[in-house]
Amino acid sequence: MPVNTSGADAALNAPRRERDLEALADSDAAVDVVIIGGGITGVGLALDAVIRGLSTVLVEKHDLAFGTSRWSSKLAHGGLRYLAKMEFGIAHHSAVERGIIMERTAPHLVRALPQVMALSEDSNLVQKAATRVGFLAGDALRITAGTSSGTLPRSRYASREETLRLCPAAARKNMKGSWVNYDGQMVDDARMVTAIARTAASEGARILTYCEATRAGGSEVTLRDRLGGRELTVRARAVISATGVWAGGLDGDIKVRPARGTHLVFRAETLGNPTGALTVPLPGSVSRYLFILPAPHGRCYLGLTDEDAPGEIPDVPTTPEEDVEFLLSNINRALERKLTRSDVVGTFTGLRPLLDNGEEGSTADLSRRHAVVTSRDGLFSVVGGKFTEYRLMAEETLDTVIADRGLRAGECVTRNFPLIGAPGHRDYSHIAARDLHGIPEPVIRRFGNEAPQVVDAATVERPLDTVGPLDVTRAEVEYAFTHEGALTVEDVLERRTRAAMIPEDAQAMRPEVEEIRDHVMSK
């Protein structure tokens, strides 16, 4: 059975990683579950498994959230798009899972975001009507999912003046106002992954990054420590691949059809510092939209594409210039000042792991439904699905695995299991508003009730000074190394702080992050 390690021992860091690797190497006993992949699906599985009482090991070739899970639109969305495709089950499940995240498991990491569709010349009458009908359907989804209107307000009409306050960059000519809908927006997708991984670790799961599964079968995994070079074999009662678009590398019978989703990054001031997400239908479509999303650190994201990406699957996808041109040309129809290539300060592109069912046509038309596949030698793989549904995917996958392998395990309780930092989490439920006094608001947004511990644990000089051009404090950078599993400077720049979304910001931060890393290593 897993050992509860809540409190200080829940920290993910280099010493804990070394201890966990040594313990696995020295033991001949089989663990209950080995999970391969440290994205949202993998960490969701690890949390569910360890809470059910299963001894759990998660291994990741790179860092947490290295792959697709850091390249999303950062939305915990309720599945409106699936209604247009008549996929009512996925739409309902998305709305239910969104409500669970926003009201129970991670309310500190997800907030309501107004989505604004201006009633102006960039859309035709059919698109305007379809959007309003869709927003009303979204209200119905929220109600049937049991999510409070206090969490996600009802859709509504907004005046021209309010529309421009929410989205100052919107084209003004003949604008009559807007339809406004509300959805969930994460502080950051990689931060959500890290919070789930740390919560699993606090329950006793072994979370091993930079540990590659070089071979995997139904009851055994060969691992290679990419930092220390050692190899070890771990026996398991079940092995689950949660490797997304790379699933075919472990099970050659799985066919994944990657869909490329690209976003552009802008300084928020370029777009008037919006607080709402400008929503623009693509020409000729009533189900595909572009979004300008307000983001942390004074940024905005513009997305997104949905294109076939055949061929070799790289660790980090590059952004084709054709995607940049597509996004700029289609969004400029809805803007007062047209964006140019020189306004783009960063890009990011992810590959969605859509299960190839042999259908022809656009990836935009493929189902986002997830599936659990068992290989000939008994390896389980979970493929497809959406970020928002990570908890449901984990529950259904583990129900299948437990029944198939006859494992002794409890029922799934993740619907009501708050993540670290959430108000209801056992380690932080005592935190009151007065305990957060004096802590910078951005730190509270990123850590919730854990924010006082981030500051109290700091040993660096000037812990509340910010690093480079971002609102990230020196205490947070140290905490990334001591508690959040960051092992390299790139882990901090790329995933814990997201500085690298704008290369110029990452370059400005690098010397100070290196200094803090050296400080941590010297202790």
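Only a predicted model underlies this, so the values are computations on that prediction, with no experimental measurement involved.

Asker: Residue-level account of the overall build of the protein chain, with values.
Answerer: Secondary structure assignment for the protein chain yields 14 helices and 18 strands. For a compact globule of 523 residues, the expected C-alpha radius of gyration is about 24 Å, and the protein chain comes in at 22 Å, within 12% of that figure. Relative to its full complement of 523 residues, the protein chain shows a buried share of 61%. For the protein chain, the share of sequence-separated contacts (at least 6 apart) that also reach a separation of at least 24 residues comes to 72%. Charge separation in the protein chain, taken as the distance between the mean sites of 62 positive and 71 negative side-chain charges, equals 4 Å.

Asker: Explain the packing of helix α12 (residues 474–482) against helix α14 (residues 503–522) residue by residue, including any values.
Answerer: α14 packs onto α12 with a crossing angle of 50° between their chain directions and a minimal axis gap of 10 Å. Comparing their axes, α14 and α12 come out oblique. The hand of the α12/α14 crossing is right-handed. Contact with α12, carried on its side by R474, V477, E478, F481 and T482, involves E512, V513, E515, I516, R517, H519 and V520 of α14 and no other residues of that element. Residue classes in the contact of α12 with α14 are distributed as 5 nonpolar, 2 polar and 5 charged.

Asker: Could you give an account of the side chain of S73, with specific residues and numbers?
Answerer: One can find S73 in the loop between β2 (56–59) and β3 (75–76). Assessed through its relative accessible area of 15%, S73 is described here as buried. In contact with S73, other than residues within four places in its own chain, are H263, L293 and L304.

Asker: Could you give me a rundown of helix α4 (residues 88–105), with the residues and numbers involved?
Answerer: Taking 1.5 Å per residue, 18 residues should reach 26 Å; α4 reaches 24 Å between its end C-alpha atoms and fits that length. Inspection of α4 places I90, A91, S94, A95, V96, E97, R98, G99, I100, I101, M102 and T105 among the buried residues, and these make up the whole buried set.

Asker: Describe the packing of helix α13 (residues 489–496) against α14, naming the residues involved and giving the relevant values.
Answerer: Angle between the axes and distance between the axes are the two parameters that describe a pair of packed helices. Between α13 and α14, whose axes approach to 9 Å, the crossing angle comes to 130°. Overall, the two elements α13 and α14 adopt an arrangement that is oblique. Crossing of α13 against α14: the hand is right-handed. Note on element contacts: α14 touches α13 through A506, M509, R510, V513, E514 and R517, opposite V489, E490, V492 and L493.

Asker: Could you give an account of the side chain of T41, with specific residues and numbers?
Answerer: For T41, the position within the fold is in helix α2 (residues 40–51). Among residues more than four places away in sequence, those in contact with T41 are A242, V382 and M393.

Asker: Any details on the UniProt feature "domain: Alpha-glycerophosphate oxidase C-terminal" (unreviewed entry) in the protein chain? Residues and values, ideally.
Answerer: Under the feature "domain: Alpha-glycerophosphate oxidase C-terminal" (unreviewed entry), the UniProt entry names residues 412–516. Secondary structure across residues 412–516 comprises 42% helix and 0% strand; the distance between its end C-alpha atoms is 40 Å.

Asker: Account for the nonpolar core, naming residues and giving values.
Answerer: The nonpolar side chains of a soluble globular protein tend to be buried, and buried together. Counting residues in hydrophobic clusters, the biggest one holds 75 residues, and the most contacted among them are M192 and I207. The element that contributes the greatest number of residues to this core is helix α7 (residues 189–202), accounting for 8 residues. The residues contacting M192, other than those within four sequence positions of it, are I40, I101, A106, L109, V110, M186, F387 and L419.

Asker: Any chance you could break down the environment of H519 for me, citing the residues and the numbers?
Answerer: Following the sequence through the fold, H519 ends up in helix α14. By relative accessible area, which is 26% here, H519 ends up partly exposed. In sequence terms H519 and E478 are 41 residues apart; their C-alpha atoms lie 8.6 Å from each other. Residues contacting H519, with those up to four places away along its chain left out, are T459, V460 and E478.

Asker: Could you give an account of the pairing of strand β10 (residues 231–241), with specific residues and numbers?
Answerer: Of the pairings in the sheet, the one linking strand β1 (residues 31–36) to β10 comprises 5 bridges and is parallel in character. Bridging from a neighbouring strand, I36 pairs with S241 of β10. Sheet topology places strand β9 (residues 220–225) next to β10; 5 bridges connect them, and they run antiparallel. Note on β10: the bridge partner recorded for L223 is L232. Remark: 5 residues form the turn of the hairpin made by β9 and β10, two consecutive strands paired antiparallel; G229 in that turn has positive phi of roughly 90°. By the bridge criterion, 2 bridges tie β10 to strand β18 (residues 380–383) in an arrangement that is parallel. Looking at β18, one finds that I240 is bridged to F380.

Asker: Just give me the short version of the pairing of strand β6 (residues 178–186), but keep the residues and values in it.
Answerer: Consecutive side chains of a regular strand alternate in pointing toward one face of the sheet and then the other. Where burial is concerned, most of β6 is hidden: 9 out of the 9 residues are buried. Side chains of β6 alternate between two faces, with S178, V180, Y182, G184 and M186 and W179, N181, D183 and Q185 buried alike. In this sheet, β6 lies alongside β3 in antiparallel orientation, the contact comprising 2 bridges. For L75, the partnering residue across the bridge sits in β6 and is Q185. The pairing of strand β4 (residues 110–118) with β6 spans 9 bridges and is antiparallel. By the bridge assignment for β6, L113 is matched with D183. With 3 bridges joining them, strand β5 (residues 156–158) and β6 adopt antiparallel strand pairing.

Calculation rules
Residues numbered from 1 in each chain as written. Predicted model: local features only at pLDDT ≥ 70, side-chain atom pairs only at ≥ 80, totals over all residues. Heavy atoms only, no water. Helix = DSSP H or I, 4+ residues; strand = E, 2+ residues; numbered from the N terminus. Rg over C-alpha atoms; globule rule 2.2 N^0.38 Å. Buried < 20%, exposed > 50% of the residue type's maximum accessible area, 1.4 Å probe, protein only. Contact = heavy atoms within 4.5 Å. Lys, Arg positive; Asp, Glu negative; His and termini not counted. Charge placed at Lys NZ, Arg CZ, Asp CG, Glu CD. Axes fitted to C-alpha atoms, helices over the stretch in contact; angles between N-to-C directions. Parallel < 35°, antiparallel > 145°, perpendicular 65-115°, else oblique. Left-handed = near helix turned anticlockwise from the far one by under 90°. Nonpolar A, V, L, I, M, F, W, Y, C, P; charged D, E, K, R; others polar. Expected span 1.5 Å × (residues − 1). UniProt positions renumbered as here; feature names shortened; annotations may be inferred. Core = buried A, V, L, I, M, F, W, Y, C linked by side-chain atoms within 4.5 Å. Pairing = 2+ DSSP bridges.

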